[in-house]
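Structural overview
What follows is each chain in one-letter form.
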Amino acid sequence: SVDLREHGDFALESLFHEASHGWDQKLIDGVAKAAANRGRPTPQDLWHAILFYTAGDATRSALAAGGNSTYIPYAVRNGVYDRGWQDYRRAIETAWPRYLDGRTDFASALRAVIDALPAPKEAR
């Protein structure tokens, strides 16, 4: 890429993120099911915020294992969450690491993310 945000270690995360789009439908369906199980509407693009977090966390962890403990994931470094996904970030950071660490299953982790989100505003 000619984009400087995509060079060096940053390119690794971008490559992983783009390749991870292969499991979009699993995330989209999982988030929808978790929201339905909680009687809540499906949060728009939550699946993509989870994908950003997952790719960033995996990259950060892999680089830390190789001695780079200063890596900052793309979504944090470039303010992706600051564009309306602040609540998503907090919920994901609260609940999703348990899945990434193998301490819970996919469906339970998604329900925990939904539970960690603020209650939706009621339509007037």
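Everything below is about the structure printed above this text.
Counting of residues starts from 1 at the beginning of each chain's written sequence and follows it residue by residue. In keeping with the predicted nature of the model, local features appear solely for residues at pLDDT of at least 70, side-chain atom pairs appear and are counted solely at 80 or more, and the whole-chain, interface and lining totals rest on all residues. Excluding hydrogens and water, the side-chain figures rest on all heavy atoms present in the structure.

1. A few points about the overall build of the chain
For the purposes of this entry, the term helix denotes a DSSP run of H or I that reaches at least four residues, the term strand denotes a run of E that reaches at least two, and both are numbered from the N terminus. Looking only at helices and strands, the chain has seven helices and zero strands in total. Taken from the N to the C terminus, the helices and strands of the chain come in the order α-α-α-α-α-α-α. Overall size of the chain, expressed as C-alpha extent along the three principal axes, is 45 × 35 × 25 Å. The classification of residues rests on relative accessible area computed with a 1.4 Å probe and restricted to protein chains. Under 20% of the type maximum is buried, over 50% is exposed, and intermediate values are partly exposed. Buried positions account for 39% of the 124 residues belonging to the chain. Within the chain, residue pairs in contact and separated by at least 24 positions form 69% of the contacts whose partners lie at least 6 positions apart. Only the protein chains shown count as cover for residues, with accessible areas throughout obtained via the Shrake-Rupley method and a probe of 1.4 Å. Total accessible area computed for the chain in this model is approximately 7,300 Å², and 53% of it derives from carbon and sulfur atoms. Only heavy atoms matter for contacts: two residues are in contact if any of them lie within 4.5 Å across the pair.

2. Observations concerning the environment of Y74
In this fold, Y74 is placed in helix α4 (residues 74–77). Along the backbone, Y74 and R89 are 15 residues apart, and their C-alpha atoms lie at a distance of 13 Å.

3. What to know about the side chain of T54
The topology assignment puts T54 in helix α3 (residues 46–65). The class for T54 is buried, based on a relative accessible area of 10%. Polar contacts here mean pairs of N or O atoms no more than 3.5 Å apart (in protein, one a potential hydrogen donor and the other a potential acceptor; neighbouring residues in sequence count only if both atoms are side-chain atoms). Of the polar contacts made by the side chain of T54, one reaches the backbone oxygen of I50; its length is 2.8 Å. The contacts of T54, once residues within four sequence positions are left out, are F16, W23, W96 and L100.

4. Comments concerning helix α5 (residues 86–95)
Every buried residue belonging to α5 is among Y88, A91, I92 and A95, and all of these are buried. Buried residues in α5, looked at end-on, bunch into an arc of 100°, giving them a common side. Check the buried side of α5 and you find it contacts α3, α6 (97–100) and α7 (106–116). Working note: the arc is built from the helix axis to C-beta atom directions.

5. Overview of the packing of aromatic side chains
Here is the rule: rings of Phe, Tyr and Trp (six-membered ring for Trp) pair when centre to centre is within 6.5 Å. Planes less than 30 degrees apart are stacked, more than 60 are edge-to-face, and the remainder are tilted. Considering all chains together, one arrives at eight aromatic pairs under this definition. On the numbers, 6.2 Å between centres and 15° between planes, the contact of F52 with Y74 is stacked. Of the two residues, F52 sits in helix α3 while Y74 sits in helix α4, which places them 22 residues apart along the sequence. On the accessibility criterion, F52 (13% relative accessible area) is buried. Residue Y74 is classed as buried on the basis of its relative accessible area of 16%. One aromatic cluster is present, built from ring pairs that chain together W23, W96, Y99 and F106. Sitting above the plane of the F106 ring, K26 keeps its charged end 4.8 Å from the centroid. Distance and angle both matter: a charge sits over a ring if NZ of Lys or CZ of Arg is within 6 Å of the ring centre and within 35 degrees of the ring normal. Positioned above the aromatic ring of F10, the side-chain terminus of R77 is 3.7 Å from the ring centre.

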